[in-house]
Amino acid sequence: MTILGLAPSSTPTRPPHFDIERVIRPNILSLHPYRCARDDYTSGILLDANENALGHSISQPENPSPSSKLQLNGGSLLHADSEPILNLDLHRYPDPSHPNIKNRIAELRGLPSPKHVFLGVGSDEVIDLLIRVCVAPERERILITPPTYGMYAVCAQVNDVGIVKVNLEVSADSGEGGEKGRFSLRVDEVKKAVDADPSIKLIFLCSPGNPSGTLISLVSLRAILDYEPFKGIVVVDEAYIDFSEPGSSAVTLIAEYANICVMQTLSKSFGLAGIRLGIALAQPPLIQILTNTKAPYNISSPGAHLALRALSPASISAMREKIETLRASRAKVLSALHSLRDLGLGHAIGAQDANFILIPVLARGSSLPDNVRAQRVYKTLAEEEGIVVRYRGSEVGCPGCLRITIGTEEEIAISLEKLKKTLEKV
């Protein structure tokens, strides 16, 4: 069956055991996507979409006060009268395809064309959409590798699909990360799970992991992609990839493998969590399927406007400078946390490939992680000291752990002081 919107291709698919038409649900393959007004015409006197021709009614104060600033993710963005967002055609539906954004992403990530790029409302929309197009409710399953991002399981449950769990390696006998270290992918166990359950359609891998902060090695990824019994798609969530060493991204595998989908986002390295723009990168057949299935205007005009600015050469350069600053700060925080060992803080665990640190709180006078004390430290920091970190002690392989995001220099200094104070009394 031809994928609607995609020109037929005679190029052989690699790996040869993969056939996307056997992965996608039949009702999705036969779906005729909704054709919205802006798919046909984008200029002229537009009387085709029942928009409000008189425009929006948002007032712009003559003398903006601090309270009149636009808010984005809890912080001030720009004064309303100086920000061109309100001068956009907000009464018009947005572009349904956003080719300029896709072109810039394809160029940034070294992909040959925007046909390899899909845009979603955060990565969460991409996760949900992949499950909906690939996995039949009640009959088929996804595979996840705890400890991992919780939305894979949430989306699976919402869509009434099963979940198979294969834990990451939790022993540090072979070090951190890599092919065999702590939080590495247990390739042989994943293969066993696939052999035991052919209904697994998607394998979700978080790299760098959340909360592990550890990359999945490309060698391990290739081993799963090349595994003939697995007929589905490997989804690699790279929300934190820009904080890792260059050359770590699974995007480099897309040209070789039709059975990989890499998710990225503007929320982390680009500092735009408030605009909710997620990205799927894959070969064109899967991208076309996602495009056929998505809501017609899923990316808003303000979000698209800010995303395009964020993807300009000058903005990308500024983003990379901030990444280097955060990486340097991460090293300083690790050193500072090490100095608190006598107060019952363990060594940070994981390979430190993201913009956060995972560190265990130990029982007093012991070298063992302590979930009870970790929860007390977590709550005391938040409720008495105004420092909010994340308790992750209930996650597989993370006993007693707190996840601490790398903040500004001022935030780091204050947080370390408050953490020391809290460890002394809890």
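Shown above is the structure to which this text applies.
One structure accompanies this document, and this report is about it. (Residues numbered from 1 in each chain as written. Predicted model: local features only at pLDDT ≥ 70, side-chain atom pairs only at ≥ 80, totals over all residues. Heavy atoms only, no water.)

**Let's talk about the nonpolar core**
- Of all hydrophobic cores here, the largest spans 61 residues; its most connected members are Ile203, Ile260 and Leu281.
- In this structure isoleucine 260 touches Leu225, Ile233, Val234, Val236, Ala250, Leu253, Ile254, Leu281 and Ala282, once residues within four positions along its chain are discounted.
- Grouped together as the second largest cluster of nonpolar side chains are 36 residues, Val126, Cys134, Leu202 and Leu290 included. (Core = buried A, V, L, I, M, F, W, Y, C linked by side-chain atoms within 4.5 Å. Buried < 20%, exposed > 50% of the residue type's maximum accessible area, 1.4 Å probe, protein only. Contact = heavy atoms within 4.5 Å.)

**Digging into the packing of helix H12 (residues 371-384) against helix H13 (residues 409-425)**
- Two numbers describe how H12 lies on H13: the axes approach to 10 Å, and their chain directions differ by 130°. Of the possible angle classes, the one that applies to H12 and H13 is oblique. When you trace H12 past H13, the crossing you get is right-handed. Across from Arg373, Val377, Thr380, Leu381 and Glu384 in H12, the residues of H13 making contact are Lys418, Leu419, Thr422, Leu423 and Lys425.
- The residue makeup of the contact of H12 with H13, split by class, is four nonpolar, two polar and four charged. (Axes fitted to C-alpha atoms, helices over the stretch in contact; angles between N-to-C directions. Helix = DSSP H or I, 4+ residues; strand = E, 2+ residues; numbered from the N terminus. Parallel < 35°, antiparallel > 145°, perpendicular 65-115°, else oblique. Left-handed = near helix turned anticlockwise from the far one by under 90°. Nonpolar A, V, L, I, M, F, W, Y, C, P; charged D, E, K, R; others polar.)

**Let's talk about the packing of helix H5 (residues 122-134) against helix H6 (residues 151-158)**
- Interhelical geometry of H5 versus H6 gives an angle of 45° and a closest axis separation of 9 Å. Considering the angle they form, H5 stands oblique to H6. Crossing handedness for the pair H5 and H6: right-handed. On the side of H5, the interface is formed by Asp124, Ile127, Asp128 and Ile131, while H6 contributes Met151, Tyr152, Cys155 and Ala156.
- Within the contact of H5 with H6, the residues separate by chemical class into six nonpolar, no polar and two charged.

**Structural notes on helix H7 (residues 187-196)**
- Considered for burial, the residues of H7 that qualify are Val187, Val190, Ala193 and Val194. For H7, the angular spread of the buried residues around the axis is 120°, confining them to a single face. For H7, exposure combined with an orientation more than 90 degrees from the buried face picks out Asp188, Lys192 and Ala196. (Arc of directions from axis to C-beta.)

**Focus: the side chain of asparagine 355**
- Following the sequence through the fold, asparagine 355 ends up in the loop between helix H11 (313-338) and strand S10 (356-360).
- In contact with asparagine 355, other than residues within four places in its own chain, are Tyr240, Phe243, Thr405 and Ile406.

**Notes on unusual backbone geometry**
- A cis amide bond, omega 0°, links arginine 14 with the succeeding residue proline 15.
- Secondary-structure assignment places proline 15 in the segment before helix H1 (20-23).
- Here asparagine 210 and proline 211 are connected by a cis peptide whose omega angle stands at 25°.
- Tracing the backbone through its elements, the reader meets proline 211 in the loop between strand S6 (200-206) and helix H8 (218-225).
- Here histidine 98, not a glycine, exhibits a phi torsion of approximately 50°, which is positive.
- Tracing the chain through its elements places histidine 98 in the loop between strand S2 (75-79) and helix H4 (99-108).
- In this structure, aspartate 160 is a non-glycine residue whose phi angle is positive, near 60°.
- Considering the arrangement of structural elements, one finds aspartate 160 in the loop between H6 and strand S5 (162-165).

**What about the sheet that holds strand S8 (residues 260-265)?**
- With mixed pairing, seven strands are arranged side by side in an open sheet as S3-S9-S8-S7-S6-S4-S5. On the outer flanks of this sheet lie strand S3 (117-120) and S5, each paired with one strand and no other. Geometrically, the sheet is characterised by an average inter-axis angle of 25° between neighbouring strands, direction not taken into account.
- Pairing of S6 with strand S7 (residues 233-237), which is carried by five bridges, proceeds in the parallel orientation. Paired with isoleucine 203 across the strands is valine 234, a residue of S7.
- Taken strand by strand, H4 contacts S3 and strand S9 (278-281), and its axis lies near 120° from that of S3.
- Relative to S7, H8 is tilted by about 155°, and along the sheet it contacts S6, S7 and S8. (Pairing = 2+ DSSP bridges.)

**A look at the side chain of histidine 17**
- Following the sequence through the fold, histidine 17 ends up in the segment before H1.
- In this structure the side chain of histidine 17 is engaged in a polar contact, spanning 3.4 Å, whose partner is the backbone oxygen of tyrosine 227. (Polar contact = N/O pair within 3.5 Å; in protein donor to acceptor, adjacent residues only side chain to side chain.)

**Some words on helix H9 (residues 284-293)**
- In terms of residue burial, H9 counts as a mostly covered element, since seven of its ten residues are buried.
- Turning to H9, its buried residues number three or more, namely Leu286, Ile287, Gln288, Ile289, Leu290, Asn292 and Thr293.

**A short note on the pairing of S8**
- Counting buried positions over the six residues of S8 gives six, a clear majority of the element.
- Every second residue of S8 is oriented toward a common face, with Ile260, Val262 and Gln264 on one face and Cys261, Met263 and Thr265 on the other, all of them buried.
- As paired elements, S7 and S8 share four bridges and run parallel to each other. Bridge pairing in S8 places valine 236 opposite valine 262.
- As paired elements, S8 and S9 share four bridges and run antiparallel to each other.

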